[in-house]
Structures are given as C-alpha cells and as structure tokens.
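What follows is the residue order along each chain.
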Amino acid sequence: MNLLFKKHKKPQYEASEGSAGDSVGMSRGAFARVVLALARPVRAQWAFFVMSFLMLVYPAVEGLLGSTYSLGNRLFYFFQALFIALGVAYVATVVVGKVGKWWLKALLYALFWALLTITLLLDFNFGWKISEEAVTIMFETNPSETGEFLNTYAFTSGSKWAYGISALAIVLVVALEWLVRKAKKRVDGHTSRRRWVDCSVAALDGVGMLYMIVCYVWLAMCGSRSSAAVWDNYFPHESLDIMSQTLQSFNCVRVEVGEVRSSILQAQKVYDTHPTIKGDDSLTVVYVLGESYNKHHASIYGYSKPTTPNLEKERDGGNLFVFNDALSFENYTSTVQKNSFSLNCVSEGEYWFDSPMFTTIFKRSGYDVWMWDMQRSYSPEKLVTITVNSMMYNDEIAAKSYTACNDTTYTFDGTMVKHFGERVKFSAPYNLVVFHLLGQHVSYHFRFPKRLRHFNSTNYSVDGTGYDKNAVYTLANYDNATYYNDMVMKQIFDLFRHSNAVVVYMSDHGEEVYDYRNRFGRHQHATPTPAEMRYQNEVPFMIWCSDRYMQLHPDVVQRIKSAVDRPFVTDIVGHILLGLGGINTEYYDARHDVLSLKFKPCKRIVHGCVDYDKAMQNK
C-alpha cells in the first residue's frame, strides 16, 4: 500500500504582480492556479499516469504503423488517439488522487493491464483488436467452446509474446511505483522548470480531456448502426486507444439491442402482408448452413484428397449443382448468419434489422418451418440479447418464424439429422427445414466420430513445407471433418430423396488450414490480402434436387444449371430460397435471386472495405 501511495508537498509558487497593475497580477495568479490545479494530480501520481497512458495507447501506435490510411490521416488519427488516451489517463489519475485508496489504484491498474493483455492476445493470434466481433464471439461462446479455444491458442508463439509484454508492463509498474517512493529529487525543485512542466502537463491534459469528452459523449449518443458508422468515420476503431476501442465495442453491442427491437417490428410487419404459395401441391425446401468450410479442401472443388465422395456421386448423377463463385462478405458466423437469414442486401448498404427473416415469410405464407440448430445456446446466464440468438430465438420473432425448434443438444451433426428424421413427421404439404451445422468449426478433431476417421498424418507430406507434426495432425483432422460433413449431407439428401424437395447448402465462411502459410483458423490484416480472402471468404454453395423435383420443375433446374458460374455474395440466399419455395411476396427481389433471369450482380465488398473482384484481378 505504501508503494502505491506517497504524499508530496504541494508546489509553492505563485504568479507575482507585474508593473502593469493589480489586474495583470490577478490574471497571472488565476492562470497559475488553473495550471497548478490541472498539473497537481499528475505530479502526485506521475507513475500511475505514465503507465496508464502507455498501456492505453498501444493499438494507436500499431495503427500508425500498420493502417491502410494515407500518412497524413494516420498521423492525424494517431495524435487524436494520443490525446484521448491522455484524457482517460488523466481522469483516472484525478480519481485516484481524490479517493486516495490503494485498492482503487490497484483496480484501475488491473483494468488497464487486462485490456492490454486481451488486445495483445487478439492481435498476436488473429490480427484483431478489442472489437464488436470479439465481444460478440465472447458472449456467444459456451464453456465447451471456451475450452477448445484455450486448448488451441493458450500457448501459441503469439500468446507467449503477449504474456511476455504483459509481464513487462507489470515490472514497469512496480519499478516506477518504487521509484516514486524512493526518489529524493522531484521536478518541482526549480521554479522555472516547474512552471514549464506544469504548463505542458496542463495543456496536454486539457486538450486530452476535450477530445475524450467529445469522443465519448458523441459515442453515447449513437443509437443506431448508421450513426455509429458516422462516429467511426471520425474515430476509426483500429486507430483508437484500448479504452475507446472497448467502449466502442460495447456500445455497438448496446446498439444491437435496439436493432433486435427493429427486427421484431419487421417480423410483425410481415403478418400485415399476405404472401401466397404458387405451384406444387406439396414441396419441401431445405436450407443447410455449414460452418468454417474451406472449399479448397473439398475434392468436388478440385482438392487432391477425396474428401467429398458422396457429393461427387450426387453431382455425377445429375442431382447436385455446384456453384463456383460464391463469396461470403465476412468471416464471422454471427455477422453472416444475421445477414443471410434477413432479406437485406449488404452490398447495397442495407442492414439486417431493416428486413424480416425469410423464415418469417415462409411461415406466414403457410409453410411449416423447422429450425434445427447445432449452434443454439441453452445457457440461461448468457447475454443472448447481444448475440445472434437474440434475433433467431427472440420469443416474438420465433413465434412468427418457426413451427418447432430442436430442444436437444447434439455432439455431432449427423446425430442431429438422424434425430430430425426419426422425430419429425410432416403434417402440412409445404415445409421449410433449416439445419445449422457445426461443420468444421474449431477444434476440428471434435467435429467427427473417431470411428469415422479417414485421413491420418501419414497421408500428408511435410517435406519442404516447414510444417511440424502438430500442423499435419490439424490438417488431417480438418479433412476428416470435411469428409464427415460429406456424409452428413448424404444423410440429408436421403431424408428427402423420395419427395418433392430441393436442398440449398452453403457455408457461413471459410477457414485457413495451412493452405499457403503456416497458420490455421481465421486471421486477417486490416485490409485482407487476396490469399486471405481466397481461403476465408470463398465458400461452397450447392443446390440438390430430388428426382421428383427435377421432373416437376425442369425450368427451375435449367435456371440452376445456367447460374452455377455467376458471381454473387451469399447474404442474398433468402431471396434464392423464396424463389425456390414459390412464394409470392412483396419482400422477394428477383434482382437478388441468383437463379432469376432478373438477377443483378452487385459489387462484392469483403469486410466492408475491399472490392474482392478488383483485388483478385490485381493480385
């Protein structure tokens, strides 16, 4: 406790009266008192102020070095972040000095240190900062997934660097606090130097607090995604200090709560319309959303290992149509899921909460809608209102969107599909079935039954690649998960093989698996490289038709065949499903249905900042 606090004498200087009269002397005296009042907290707790500032400012320094902005913009945003960090550190220093409790000082140290450590771990492992995506993933992750994550990333080389820098920060804190306690000479020993230091501290902290107030008050007033985007134009997230990044991330989550309310209103509006079904006497539409599927590890897309024998058999038999140029606009499950279930078009700047989900329209039109989800969270303590489940399973939305949802958790995708086939018996002529799989979600060795292991480390050569045995083991497990996914898809096809049914499959995003560098998972720079987009954003997209469906819909089958090489972004899948389902509704837009003759390709923007097609042309 004595190390954290040490009393100092107050500086004893005052401005003297000048020959110009008492008023000038009084003005100088007032100015000196203001300067002294601003500088005194930093003088008393300079070690805390300096270390707080240094821990807060780390991402701003990295933004200066690694941002894609022009040099002038980088410098502007860097100094802006420096001043905001100064403001935060100064306010914390004032609070510490006013309260005078050692535990509060220790608590603030711990807070800043924890944020720094989290930032370092995210940065060194994934190239991320504290962000809305990171916060959302944290809340969406259940205890089992947390264990998998820690097992995978706790002791990577990046994590070890993060631990080392975090430990160094602790050493510096202890050293500076000890120095404060032991130092015999202080900067206030010389009057002119003292005045210069106080004026500098007062000026910097004054500007810092001004920037901080503008930044945080404006942020607090952002009540929508669009207003938050405007704020981000002036305070780019990647260039901010750690505290500002954290507040901005949680504010985005707060805004999302309001977006869910908008989504509820959209669902209610659907029930003011009267969509109809045209065509068949009965029809089953199946939508399968996969997870973390790198299409370049599928032999149906040319991969060297036979990972998709069942899909290839269906293709060769004429029932499966494989699309070659489908793209996911993001590599986060939550973002992709919200935008693909909603009928907005990301490429046209539309938001998911401004459009209803396609499941709501299917149910309103007369379909029974079955939602079987491997990734649904059942933990009541989860902050589900800020996750994708807050949209998918909000009570009001779910009542208007689903006939039934699974109420059982499963270890493997195939078990869920088998359970669905055994338990669900259709009573209505029109049915929409949604399967959300775990697919190839990390950790790969948990995604398939061990008895179904098909590939082993011995099937891969590491000579000259620089990959170690762990990398080869991970690669084999990923291919085994892909092989198992192929078996699951056969299960789904078999469920509907003898009915009038059409199945649409896509993955939410891809995943690197030692494809061109010694890394796996999802990593990207602020501006993703062509290689990163190739493996993380290019996704498999397929449509399977039963024999009966092909007999009844030769025109649709022909349109599917004609569309397999069209470039598109998968967030428009809802319009594709509405078209296949024969639903006549004002929400359907043929321009966004890749199977329609009226389809209009949009510019394909990845991660909100990169024109994918232009980047691939210039690679």
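A brief structural summary. (Residues numbered from 1 in each chain as written. Predicted model: local features only at pLDDT ≥ 70, side-chain atom pairs only at ≥ 80, totals over all residues. Heavy atoms only, no water.)

1. A few points about unusual backbone geometry
Put simply, the rule is: Numbering goes from the N terminus for both helices and strands, where a helix is a DSSP run of H or I of at least four residues and a strand is a run of E of at least two. A 1.4 Å probe rolled over the protein chains alone gives each residue an accessible area, and that area as a share of the maximum for its type sets the label: buried under 20%, exposed over 50%, partly exposed in between.
Although it is not a glycine, S292 sits at a positive phi angle of roughly 55 degrees. One can find S292 in the loop between β2 (283-290) and α12 (309-316). Given a relative accessible area of 0%, S292 falls into the buried group. A positive phi is found at Y514, a non-glycine position, where the angle reads about 55 degrees. Along the polypeptide, Y514 turns up in the loop between β9 (512-513) and β10 (520-521).

2. Considerations on empty space enclosed by the protein
For the record, the criterion: The rule is simple: put a 1 Å grid over the protein atoms alone, call a set of points where a 1.4 Å probe fits but cannot get out a cavity, call an open set with protein on both sides within 12 Å along at least five of seven lines a pocket, and count a residue as lining if it has an atom within 4 Å of a point. Grid points are joined across faces, edges and corners, and a volume is the space filled by probe spheres set on the points. All residues other than Ala, Val, Leu, Ile, Met, Phe, Trp, Tyr, Cys, Pro, Asp, Glu, Lys and Arg, Gly among them, are scored as polar; the first ten of these are nonpolar and the last four charged.
Tallied over the entire structure, the rule returns two cavities of 30 Å³ or more. Taken as a whole, the largest cavity holds about 90 Å³ of empty space. Along its surface, the largest cavity is lined by C345, S347, F568, V569, D571, I572, H592, F599, K600, P601, C602 and R604. Per-class residue counts for the lining of the largest cavity are seven nonpolar, two polar and three charged.

3. Some details on helix α5 (residues 102-126)
Applied cut-off: One fewer than the residue count of a helix, multiplied by 1.5 Å, yields its expected span.
Over its 25 residues, α5 extends 36 Å from the first C-alpha to the last, a length consistent with the 36 Å expected when each residue adds 1.5 Å. The first or second residue beyond α5 is G127, which carries a positive phi of 75 degrees.

4. Some remarks on the sheet that holds strand β6 (residues 404-405)
Using the following cut-off: Any two strands are treated as partners once DSSP identifies two or more bridges connecting them. Contacts are assigned to residue pairs that have any heavy atoms within 4.5 Å of one another. For helices, the axis comes from a line fit to the C-alpha atoms of the stretch in contact; other axes are also lines fit to C-alpha atoms, and the angle between any two N-to-C directions lies between 0 and 180 degrees.
Ordered by their spatial adjacency, seven strands build an open sheet running β3-β11-β8-β2-β7-β5-β6, and the pairing between neighbours is mixed. Of all strands in the sheet, those bounded by a partner on one side alone are β3 (320-323) and β6. With five bridges joining them, strand β8 (residues 501-507) and strand β11 (residues 541-545) adopt antiparallel strand pairing. Opposite V504, over in β11, you have I543 as the bridge partner. Lying over the sheet, α12 contacts β3 and β11, oriented at roughly 110 degrees with respect to β3.

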